[in-house]
Amino acid sequence: AQSVTQLDSHVSVSEGTPVLLRCNYSSSYSPSLFWYVQHPNKGLQLLLKYTSAATLVKGINGFEAEFKKSETSFHLTKPSAHMSDAAEYFCVVSFLNAGNNRKLIWGLGTSLAVNP
Amino acid sequence: EAGVTQFPSHSVIEKGQTVTLRCDPISGHDNLYWYRRVMGKEIKFLLHFVKESKQDESGMPNNRFLAERTGGTYSTLKVQPAELEDSGVYFCASSQDPGVTYEQYFGPGTRLTVT
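Residues numbered from 1 in each chain as written. Chains lettered and ligands numbered in written order. Predicted model: local features only at pLDDT ≥ 70, side-chain atom pairs only at ≥ 80, totals over all residues. Heavy atoms only, no water.

Enquirer: I'm lost on the overall build of chain A in this one. Help?
Expert: On a plain count of helices and strands, chain A comes out with 0 helices and 12 strands. The N-to-C order of helical and strand elements in chain A reads β-β-β-β-β-β-β-β-β-β-β-β. Against the 2.2 N^0.38 benchmark of 13 Å for 116 residues, chain A shows a C-alpha radius of gyration of 14 Å, consistent with a compact globule. Its C-alpha atoms put chain A at 50 × 30 × 20 Å along the principal axes. By the burial criterion, 44% of the 116 residues in chain A qualify as buried. Contacts spanning at least 24 positions in sequence make up 56% of the contacts within chain A whose residues lie at least 6 apart. When the accessible area of chain A is evaluated, it comes to approximately 5,500 Å², of which 52% is carbon and sulfur surface. (Helix = DSSP H or I, 4+ residues; strand = E, 2+ residues; numbered from the N terminus. Rg over C-alpha atoms; globule rule 2.2 N^0.38 Å. Buried < 20%, exposed > 50% of the residue type's maximum accessible area, 1.4 Å probe, protein only. Contact = heavy atoms within 4.5 Å. Areas by Shrake-Rupley, 256 points an atom, 1.4 Å probe, with all protein chains shown as cover.)

Enquirer: I tried to follow the interface of chain A and chain B on my own but got confused; where do I start?
Expert: Note: interface size is frequently given as the accessible area lost on complex formation between the parts. Contact residues are listed per partner, giving 22 residues for chain A and 21 residues for chain B. Interface area, chain A with chain B, both sides summed: about 1,800 Å², of which 53% is carbon and sulfur. Per-residue buried area on chain A facing chain B is highest for Leu-44, Arg-102 and Trp-106 of chain A; these three make up 30% of the total on that side. Run the count over chain A and chain B and you get 2 salt bridges. Of the charged contacts in the structure, one is a salt bridge between Asp-56 of chain B and Lys-103 of chain A, with a shortest N-O distance of 2.7 Å. Taken together, chain A and chain B are joined by 5 residue pairs in polar contact (both at pLDDT 80 or more). (Buried area = accessible area lost by both parts, 1.4 Å probe. Salt bridge = Lys/Arg side-chain N within 4 Å of Asp/Glu carboxyl O. Polar contact = N/O pair within 3.5 Å; in protein donor to acceptor, adjacent residues only side chain to side chain.)

Enquirer: Explain the confidence of the model for chain A here, please?
Expert: Reading predicted coordinates in detail is not appropriate for stretches of low pLDDT. Of all residues in chain A, 100% attain a pLDDT of 70 or more, and the chain-wide mean is 91. At the low end of the mean pLDDT range in chain A sits strand β11 (residues 102-106) of chain A, at 85; at the high end sits strand β3 (residues 19-21) of chain A, at 98. (pLDDT = per-residue confidence, 0-100.)

Enquirer: I keep staring at the pattern of salt bridges and nothing clicks. Help me out?
Expert: In a structure, side chains of opposite charge can pair up when their charged atoms sit close to one another. Residue and element names in this part refer to chain B. On inspection of all chains with the given rule, the structure shows 12 salt bridges over all chains. Put simply, Asp-86 and Arg-64 hold a salt bridge, and the shortest N to O gap is 2.5 Å. With Asp-86 in the loop between β8 (75-79) and β9 (88-95) and Arg-64 in the loop between β6 (53-56) and β7 (65-68), this pair connects stretches of sequence that are 22 residues apart. Given the relative accessible area of 2%, Asp-86 is considered buried. A network of salt bridges, in which partner residues are shared, links Arg-36, Arg-64, Glu-85 and Asp-86.

Enquirer: Please explain the state of the cysteines as it appears in this structure.
Expert: Here a disulfide denotes one covalent bond, and it connects the sulfur atoms of two cysteines. Residue and element names in this part refer to chain A. Tallied over the full model, the rule gives 2 disulfides over all chains. What pairs with Cys-23 in a disulfide is Cys-91, and their sulfur atoms sit 2.0 Å apart. Taking the sign of the S-S torsion, about -70 degrees here, the bridge from Cys-23 to Cys-91 comes out left-handed. On the criterion of sequence distance, the pair formed by Cys-23 in strand β4 (residues 23-26) and Cys-91 in strand β10 (residues 87-96) is long-range, its members being 68 residues apart. (Disulfide = S-S within 2.5 Å.)

Enquirer: What is the right way to look at the side chain of Ser-73 of chain A in this model?
Expert: All names here are of chain A. Looking at where Ser-73 falls in the secondary structure, it is placed in strand β9 (residues 73-78). Looking at Ser-73, the relative accessible area reads 1%, which means it is buried. Setting aside anything within four residues of it in sequence, one finds Ser-73 in contact with Cys-23, Asn-24, Tyr-25, Glu-66, Phe-67 and Lys-68.

Enquirer: Which parts of the structure should I look at to understand the nonpolar core?
Expert: Note on soluble globular proteins: their nonpolar side chains tend to be buried together. Trp-35, Leu-48, Phe-74, Leu-76 and Tyr-89 of chain A are the most contacted members of the largest nonpolar core, which totals 26 residues. The biggest single contributor to this core is β10 of chain A, with 4 residues. Beyond its immediate stretch of four places on either side in the chain, Tyr-89 of chain A contacts Gln-6, Leu-21, Trp-35, Tyr-36, Val-37, Leu-47, Phe-63, Leu-76, Gly-109, Thr-110 and Leu-112 of chain A. In terms of nonpolar packing, the next biggest core, distinct from the first, is built from 21 residues, Val-19, Leu-21, Leu-46 and Phe-65 of chain B among them. (Core = buried A, V, L, I, M, F, W, Y, C linked by side-chain atoms within 4.5 Å.)

Take a look at the structure:
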């Protein structure tokens, strides 16, 4: 079975300090993994995706994530937080089900607060 | 290029009433998806259209929900009659190619409150 666990529901950092949002997944197949972000009153936006190429994936706005198969993790990081990073972040695993339909399994989300 | 749009942004209705949500995908995107996020829960898949056909509706909660995509353009999701547990945020997404690495483009969502 496929599942996604975001280990923190809320993370608070100071502006200019590193960001770490943790995600663990469970998948019977070689997964594709994504991070989406939702700013207030905005649609969900793709930050980055892992699709079995390089394990260190760079995304928009300075975010990156590293796929670690041995740890079944796909943590999201950023070296220096900016006030505009305050948003909700979702870790997502994608797979093909038995009916050959692509499915997205979502984590519960992590709300990131950035303090001045 | 215009993104995915959804209407209305908010809807408050009473239990037993009917509500229709609309989604306009990105032009040229054959694939359209509906998702729902109930408060405190994860975002869950409802259904997937390819053009006007329902490719996968395994996530539809019950027969009070009816989705249509006439002409393969915009889609509507009707809830009739609405129940309290239908409250949540309904997201629509579209994509060009549902391949392995595809990206879905999401709208801002419709927040539905059933009182």
